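# Understanding the architecture of this molecule
What follows is the residue order along each chain.
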Amino acid sequence: MAPVPDPEDLNDVVAEAVAAAVGIAPAALDLDERFSRYGLDSLAAAGLIRVLSQRLGRPLPPTLVWDHPTTARLIRFLSGAADPGADPGAMRRMAEDDP
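This report concerns the structure included in the present document.

Analysis parameters
Residues numbered from 1 in each chain as written. Predicted model: local features only at pLDDT ≥ 70, side-chain atom pairs only at ≥ 80, totals over all residues. Heavy atoms only, no water. Helix = DSSP H or I, 4+ residues; strand = E, 2+ residues; numbered from the N terminus. Contact = heavy atoms within 4.5 Å. Areas by Shrake-Rupley, 256 points an atom, 1.4 Å probe, with all protein chains shown as cover. Salt bridge = Lys/Arg side-chain N within 4 Å of Asp/Glu carboxyl O. Buried < 20%, exposed > 50% of the residue type's maximum accessible area, 1.4 Å probe, protein only. Expected span 1.5 Å × (residues − 1). Arc of directions from axis to C-beta. Polar contact = N/O pair within 3.5 Å; in protein donor to acceptor, adjacent residues only side chain to side chain. Core = buried A, V, L, I, M, F, W, Y, C linked by side-chain atoms within 4.5 Å.

### Re the overall build of the chain
Helix and strand content of the chain: 5 helices and 0 strands. Helices and strands appear in the chain in the N-to-C order α-α-α-α-α. In the chain, of all internal contacts separated by at least 6 residues, the share reaching a separation of at least 24 is 57%. Here the chain has roughly 5600 Å² of accessible surface; of this, 55% comes from carbon and sulfur atoms.

Now the structure itself:
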């Protein structure tokens, strides 16, 4: 497993990848806004996970953006910090909802 980048680099990597996936400038990204509010669909979510996996040099779960549906929560997870808002049952309840 690749080492976790320092927090500032990780924030930049994730914010840039999310912003690119939803088609906005990184500076316009609200870290606490749900990905679905930016129009991130399943196809774009898969692309985001692939990009993050490549940039971080480690495999990531295919449910990543559903389990951690905001940039801030995603950063917390990727940094190894506990995500108090993560809900492992969210996939079952959100079967028809994109991230």
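What follows picks up the thread again.
### Some thoughts on the pattern of salt bridges
According to the stated counting rule, one finds 2 salt bridges in the structure shown. Put simply, Glu16 and Arg55 hold a salt bridge, and the shortest N to O gap is 4.0 Å. Here Arg55 lies in helix H2 (residues 42-56) and Glu16 lies in helix H1 (residues 7-22), a separation of 39 residues in the sequence. By relative accessible area, which is 47% here, Arg55 ends up partly exposed. The salt bridge involving Glu33 is made with Arg37; its shortest N-O contact spans 4.0 Å. Taking the relative accessible area as the measure of exposure, Arg37 reaches 65% and is therefore exposed.

### Some points on H2
A rise of 1.5 Å per residue sets the reference length of H2, with its 15 residues, at 21 Å; its end C-alpha atoms lie 21 Å apart and thus fit the reference within 8%. Along H2, the residues that are buried comprise Ala45, Leu48, Ile49, Leu52, Ser53 and Leu56. Relative to the axis of H2, the buried residues are bounded by an arc of 130° and lie together on one face. Exposed side of H2, more than 90 degrees from the buried face: Leu43 and Gln54 are the residues found there. Between the side-chain oxygen at the start of H2 and the backbone nitrogen of Leu43 there is a gap of 3.3 Å, and the oxygen is on Asp41. Within two residues after H2, Gly57 carries a phi angle of roughly 70°, on the positive side.

### So, the nonpolar core
Val14, Val18, Leu48, Leu52, Val65, Leu74 and Leu78 are the most contacted members of the largest nonpolar core, which has 22 residues in total. Contributing elements (two or more residues each) for this core: H1, H2, helix H3 (64-67) and helix H4 (71-79). Top element by residues in this core is H1. It accounts for 7 residues. Beyond its immediate chain neighbours, meaning those up to four positions away, Leu48 contacts Ala17, Val18, Ala21, Leu40 and Val65.

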